[in-house]
Amino acid sequence: MNVADTDRMELILFHSGYQRTQEKEDADLILVNTCSIREKAEQKTFSLFGGLKPLKAANPDLILGLTGCMGQQDGEKLLKRMPYLDFVLGPDQVEGIGKAVNRVHESEKPFVWTGFDSEKVYTIPEISGDLPQKPGASAFVNIIKGCDKFCTFCIVPFTRGREKSREPEELYQEIRHLIKQGAKEIILLGQNVNSYGKRGLNNPIPFHKLLYGIAEIPGLERLRFTTSHPNDFTRETIRAYRDLDVLMNHLHLPIQSGNNEILKSMRRDHTVEEYLELIDELKSEVPDVSLTTDIIVGFPGETDAQFQDTLKVMERVGYSSSFMFSYSPRPGTPANEFEDSVPEDVKKQRLQELIQLQNRLTEEQSNLYKGKTIEMLIEGNSGKPGYSFKGRNPQYWRVNATGGEGLYKPGDRVQVCIEQTSGHGLCGAIQ
Ligand code: SAH
Ligand code: SF4
């Protein structure tokens, strides 16, 4: 989502005459779009600004802005800590980036803009004209912003505000436009895409209907979405996987923990059994679906037995990949008031165990592709020595392929015979 917000700010600034530089030393304006989901992300931001401070000292005309969730959360505090900042913007102020930069030119005083937009419907106005860069084969489209779930560990509902969806017509229009510019794959974005259309729209439709609507757009070759919350993931969406050829057979469905007491304390509002029921139904409708997830270890009160439950569920589902995190207390969230009872070294050890298990599951699954021919959408040149192109297969595995130089370009779909696997990727030859 931050990547999509950054692209949007780049587009707005491009139309005010800015162009991306390769080196920060060449820039008149530097923006750092921040994340506050875990403390580590915040620490990275502070160390990054530490490196930018000398640039500002050497060139007082350089504009330094901090945008994103840390801005929302810490606002004025950030100006105190980093007085060389020109402005701080929250994630709901992305559309105001042009105005913010103009204001720096007009006034000397640093400022903070962190209000939430008060419109009923979420809209991203179309900007016609040139683009800062040619869009790639795969493009992100925000369909819903904010989150109303308030999981006890999570800062997102505080930094990104209430859920709001974009009108389906606006989305169809944007997707048609992206396809015209060369996109072949669309990835729908939201903290909880399955909540799409629940309220506020003039023409409300549920998420699965939106999928059917988008699938009809001519020229669309691949459709994906992220992220889903198990509670809002419907049987109708499972049917959409079965019915729609363009909807790729991959689902990212965060489980967070494999233990019901921990899930309750996280306020995820579903049980492990309900989650597994969904997964089983999806697997029976779409046998070659791949599954990925998010997991937190060391949530307050998590016992070793409860952690073992998480390992069991991972093995049972057989995820192809996971985002695995050690619990990080976030100021202002309910879980921050719980006793952070799991010692750091235990959290670290659990995380290592989890990663090891995931590596084994990934290897087992990737080995199943050996000798098989898969379809890859070419995203660009491969960075891997000896390989020509990189892309992804329908199940979202990273693929590097040899051959086809001069014959294919990004956006083409090719058949690749998988010869070997490497970590989280598949490698083979274009047929
Ligand atoms: N909306 C998505 C998740 C967005 S945040 C969903 O509900 O699935 C991405 C992931 O970050 C979460 O799924 C969770 O695993 C992790 N995360 C969020 N808050 C965290 C915290 N305080 N400590 C550790 N991991 C966290
Ligand atoms: Fe955070 Fe996702 Fe829960 Fe929303 S649903 S509170 S974004 S973890």
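Residues numbered from 1 in each chain as written. Chains lettered and ligands numbered in written order. Predicted model: local features only at pLDDT ≥ 70, side-chain atom pairs only at ≥ 80, totals over all residues. Heavy atoms only, no water.

Visitor: Even after reading the chapter, I still don't get the overall build of the chain, so can you show me in this structure?
Guide: In terms of helices and strands, the chain carries 12 helices and 17 strands. Here the C-alpha atoms of the chain give a radius of gyration of 22 Å, agreeing with the 22 Å that 2.2 N^0.38 yields for 431 residues. With 431 residues in all, the chain has 52% of them scored as buried. Residue pairs at least 24 apart in sequence account for 71% of intrachain contacts in the chain once pairs closer than 6 positions are excluded. Working note: accessible area of the chain is about 20100 Å², and carbon and sulfur atoms make up 50% of it. For the chain, the separation between the mean place of its 52 positive charges and that of its 61 negative charges on side chains is 1 Å. (Helix = DSSP H or I, 4+ residues; strand = E, 2+ residues; numbered from the N terminus. Rg over C-alpha atoms; globule rule 2.2 N^0.38 Å. Buried < 20%, exposed > 50% of the residue type's maximum accessible area, 1.4 Å probe, protein only. Contact = heavy atoms within 4.5 Å. Areas by Shrake-Rupley, 256 points an atom, 1.4 Å probe, with all protein chains shown as cover. Lys, Arg positive; Asp, Glu negative; His and termini not counted. Charge placed at Lys NZ, Arg CZ, Asp CG, Glu CD.)

Visitor: How do you make sense of the domain arrangement of the chain when you look at a structure like this?
Guide: By convention, interface size is frequently given as the accessible area that disappears when the constituent parts associate. Its domain assignment divides the chain into domain 1 (2–113), domain 2 (138–367) and domain 3 (373–430). Computed over C-alpha atoms, the centres of domain 1 and domain 2 are 29 Å apart. On the side of domain 2, 15 residues touch domain 1, which itself brings 14 residues to the contact. Carbon and sulfur atoms supply 51% of the area buried between domain 1 and domain 2, which totals about 1200 Å² over both sides. When the buried area of domain 1 at its contact with domain 2 is split by residue, Ile 37, Arg 38 and Gln 73 rank highest and sum to 37% of it. Where domain 1 meets domain 2, there are three salt bridges. Across the pair Lys 145 and Asp 92 runs a salt bridge whose closest N-O atoms are separated by 2.7 Å. Where domain 1 meets domain 2, there are seven residue pairs in polar contact (both at pLDDT 80 or more). At the level of elements, helix H1 (2–14), helix H2 (39–58) and helix H3 (69–81) are the ones that each hand at least two residues to the side of domain 1 that touches domain 2. (Domains from an automatic or database assignment. Buried area = accessible area lost by both parts, 1.4 Å probe. Salt bridge = Lys/Arg side-chain N within 4 Å of Asp/Glu carboxyl O. Polar contact = N/O pair within 3.5 Å; in protein donor to acceptor, adjacent residues only side chain to side chain.)

Visitor: In this structure, what is going on with the nonpolar core? I would like to understand it.
Guide: In a soluble, globular protein the nonpolar side chains are often hidden away together inside. Among the nonpolar cores identified, the biggest contains 68 residues, and Ile 143, Ile 186, Leu 188, Leu 211, Ile 214, Leu 223 and Phe 225 are the most heavily contacted of them. Broken down by element, this core gets its largest block of residues, six residues, from helix H10 (residues 272–285). Dropping the residues within four chain positions of it, Ile 143 is found in contact with Tyr 122, Lys 164, Ser 165, Arg 166, Leu 171, Leu 188, Leu 189, Val 193, Tyr 196, Phe 207 and Leu 210. (Core = buried A, V, L, I, M, F, W, Y, C linked by side-chain atoms within 4.5 Å.)

Visitor: Even after reading the chapter, I still don't get the pairing of strand S9 (residues 222–226), so can you show me in this structure?
Guide: Along any regular strand, the residues point their side chains to alternate faces of the sheet. Of all five residues making up S9, four are buried, and the element is well covered by its neighbours. Two strands pair when backbone bridges link them, and strand S8 (residues 185–189) and S9 are joined in this way by five bridges, in the parallel orientation. Opposite Ile 186, over in S9, you have Leu 223 as the bridge partner. Of the crossover connections in this fold, the one passing from S8 over helix H7 (residues 207–215) to the parallel S9 is right-handed. (Pairing = 2+ DSSP bridges. Right-handed = clockwise from strand over helix to strand, strands pointing away.)

Visitor: Please explain the site of ligand 1 as it appears in this structure.
Guide: Residues in close proximity to ligand 1 total 15 residues, the closest being Gln 191, Pro 254, Gln 256, Asp 294 and Ser 328. Here a nitrogen atom of ligand 1 sits 2.7 Å away from a polar atom, N or O, in the main chain of Gln 191. Within the side chain of Asp 294, one N or O atom sits 2.6 Å away from an oxygen atom of ligand 1. Surface burial for ligand 1 is 90%, taken as the share of its 540 Å² of free accessible area covered by protein chains. Sorting the residues of the shell around ligand 1 by element identifies strand S11 (290–297) and strand S12 (321–326) as the ones contributing at least two each. Its residues assigned to classes, the shell around ligand 1 shows six nonpolar, five polar and four charged. (Near = heavy atom within 4 Å. Nonpolar A, V, L, I, M, F, W, Y, C, P; charged D, E, K, R; others polar.)

Visitor: Is there a simple way to explain the pairing of strand S14 (residues 389–392) in this structure?
Guide: In the sheet, strand S13 (residues 373–381) pairs with S14 via four bridges, with the strands oriented antiparallel. Residue pairing for S14: Ile 378 is matched across the bridge by Gly 391. Pairing between S14 and strand S15 (residues 398–402): four bridges, direction antiparallel. In the strand pairing of S15, Lys 390 is matched with Asn 400. Here S14 hands over to S15 after five residues, with Tyr 396 in that stretch at a positive phi of 75°.

Visitor: Help me understand the site of ligand 2 in this model?
Guide: Ligand 2 sits among Cys 147, Lys 149, Phe 150, Cys 151, Phe 153, Cys 154, Val 156, Pro 157, Gln 191, His 229 and Arg 268. Within the shell around ligand 2, the residues separate by chemical class into seven nonpolar, two polar and two charged.

Visitor: What should I look at first to understand the sheet that holds S14 in this one?
Guide: Strand pairing in a sheet relies on backbone hydrogen bonds, with the paired strands running either antiparallel or parallel. If you trace the five strands once around the closed barrel, you get S13-S14-S15-S17-S16, paired in mixed fashion. For this sheet, the mean angle separating the axes of adjacent strands, direction not counted, is 50°. As defined by bridge partners, S13 adjoins strand S16 (residues 413–422) across five bridges and the pair is classed as antiparallel. For Ile 374, the partnering residue across the bridge sits in S16 and is Val 416. (Axes fitted to C-alpha atoms, helices over the stretch in contact; angles between N-to-C directions.)

Visitor: Explain the pattern of salt bridges here, please?
Guide: Opposite charge on two side chains allows them to pair when their charged atoms are near. Evaluated as defined, the whole model comprises 37 salt bridges. Glu 174 serves as the salt-bridge partner of Arg 166, at 2.6 Å between the closest nitrogen and oxygen. A residue is classified by how much of its surface remains accessible, and Arg 166, at 0% relative accessible area, is buried. With a relative accessible area of 22%, Glu 174 lands in the partly exposed category. Of the charged contacts in the structure, one is a salt bridge between Arg 222 and Glu 375, with a shortest N-O distance of 2.9 Å. Taken together, the residues Arg 222 in strand S9 and Glu 375 in strand S13 connect sequence positions 153 residues apart. The structure contains a network of salt bridges with shared partners spanning Arg 235, Arg 239, Arg 242, Asp 243, Glu 277, Glu 281 and Glu 285.

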